[in-house]
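Structure at a glance
Each chain, written out:
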Amino acid sequence: MKIALGCDHGGLNLKAEIASYLKSQNIEFKDFGTYTEESCDYADIALPVAEAVVAKEFDFGILICGTGIGIGIAANKVPGIRAALCSDTFSAHATREHNDANILTMGERVVGKGLAIDIVKAFLGAEFEGDRHVRRLEKITKIEEKYRNNK
Ligand code: RB5
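These remarks concern the structure in this document. What you see as residue numbers is a count from 1 along each chain, following the sequence as written. pLDDT decides what is reported in this predicted model: residues at 70 or higher carry local features, side-chain atom pairs at 80 or more are listed and counted, and totals for whole chains, interfaces and linings draw on all residues regardless. The side-chain quantities take in all heavy atoms of the structure and omit both hydrogens and water.

**Observations regarding the sheet that holds strand β5 (residues 103–107)**
Rule in force here: A pair of strands is treated as paired once DSSP finds two or more bridges between them. To qualify as a helix, a DSSP run of H or I must reach at least 4 residues; to qualify as a strand, a run of E must reach at least 2; elements of each kind are numbered from the N terminus. Note on geometry: axes are C-alpha line fits, over the in-contact stretch for helices, and angles between N-to-C directions span 0 to 180 degrees. Contact criterion: two residues are considered in contact whenever any of their non-hydrogen atoms come within 4.5 Å of each other.
Here 5 strands make up an open sheet; going across it, the order is β2-β1-β3-β5-β4 and the pairing parallel. Because the sheet does not close on itself, it has two edges, and the strands there are β2 (28–31) and β4 (83–85). Between one strand axis and the next, the sheet turns by 20° as a mean value, whatever way the strands run. Where β4 and β5 come together, 3 bridges link them in parallel fashion. Each residue of the ladder has a partner; that of A83, found in β5, is I103. Packed onto the sheet, helix α5 (residues 113–125) meets β1 (2–7), β3 (60–65) and β5 and runs at close to 165° relative to β5.

**Quick notes on unusual backbone geometry**
Geometrically, the link from G33 to T34 is a cis peptide bond, its omega value of -5° lying close to zero. Mapped onto the elements, T34 comes out in the loop between β2 and α2 (42–54).

**Notes on the state of the cysteines**
The criterion, for reference: Cysteine sulfur atoms are paired as a disulfide whenever they fall within 2.5 Å. Relative accessible area decides the class of each residue, using a 1.4 Å probe on protein chains only: under 20% of the type maximum gives buried, over 50% gives exposed, and in between gives partly exposed.
In this structure the tally under the stated criterion is 0 disulfides. Summary of cysteine pairing: C7 is not part of a disulfide, and the nearest cysteine sulfur, belonging to C40, is at 7.0 Å. By relative accessible area, which is 0% here, C7 ends up buried.

**A few points about a nonpolar patch on the surface**
Rules: Patches in this entry comprise residues that are over 30% relatively accessible and not in a salt bridge; like charges within 9 Å are linked, as are nonpolar side chains (Val, Leu, Ile, Met, Phe, Trp, Tyr) within 5 Å. All accessible-area figures derive from a Shrake-Rupley calculation using a 1.4 Å probe, and residue coverage is judged against the displayed protein chains alone. Any Lys or Arg side-chain nitrogen found within 4 Å of a carboxyl oxygen on Asp or Glu counts as a salt bridge.
Among the surface-exposed residues, I69, I73 and L85 lie close enough to one another that they form a single nonpolar patch of about 260 Å² accessible area. Among the secondary structure elements, L85 is positioned in strand β4. Assessed through its relative accessible area of 41%, L85 is described here as partly exposed.

**Observations regarding the pattern of salt bridges**
Counted by the stated rule, this structure contains 6 salt bridges. A salt bridge links R96 to D100; its shortest N-O distance comes to 2.8 Å. With a relative accessible area of 7%, R96 lands in the buried category. The network of salt bridges with shared partners includes R82, R96 and D100.

**Structural notes on the site of the ligand**
Stated formally: To be near a molecule or strand, a residue needs just one of its heavy atoms within 4 Å of it. In the analysis that follows, any N or O atom pair within 3.5 Å is treated as a polar contact, provided that within protein one partner can donate a hydrogen and the other can accept it, and provided that, for residues neighboring in sequence, both atoms belong to side chains. All residues other than Ala, Val, Leu, Ile, Met, Phe, Trp, Tyr, Cys, Pro, Asp, Glu, Lys and Arg, Gly among them, are scored as polar; the first ten of these are nonpolar and the last four charged.
Around the ligand, the structure places D8, H9, Y42, C65, G66, T67, G70 and R109. The separation between an oxygen atom of the ligand and a polar side-chain atom of D8 is 2.6 Å. Out of a free accessible area of 300 Å², the ligand has 72% covered by protein chains. Here the residues of the shell around the ligand are counted per class, giving 2 nonpolar, 4 polar and 2 charged.

Listed below in structure tokens is the structure:
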């Protein structure tokens, strides 16, 4: 399994905790930054991570900002991305099972390190259930196609 990891300055510390968890589990990952506490814009990190996930260079993305909201909104603008903001373990496995989410987002100012790692475990450990959920995802793809302008 390969993970694309990214954060803005608001998610720097939690990203480091997740990176060390992934390392401890021998889960391969690439850190797309940011790498310092200097203020930056979450969309600049969300875009390369989302593009790499859609290109199937990585199985999943994990994106962290202060709330997990901005970086998730930005990632979800890339067609094919289903980024899910999770602050609990139930949502983390349910979004894999029902939404086939391909990016997990969390907020460093929202969840503590212990819960965040449990959320990562729940997300990466769950599988898409297919069945009726496929039809629902196809409808999301149709919405993307309706508004796609190829620029
Ligand atoms: C940065 O201060 C903060 O706005 C950002 O990390 C995130 O919480 C936005 O959604």
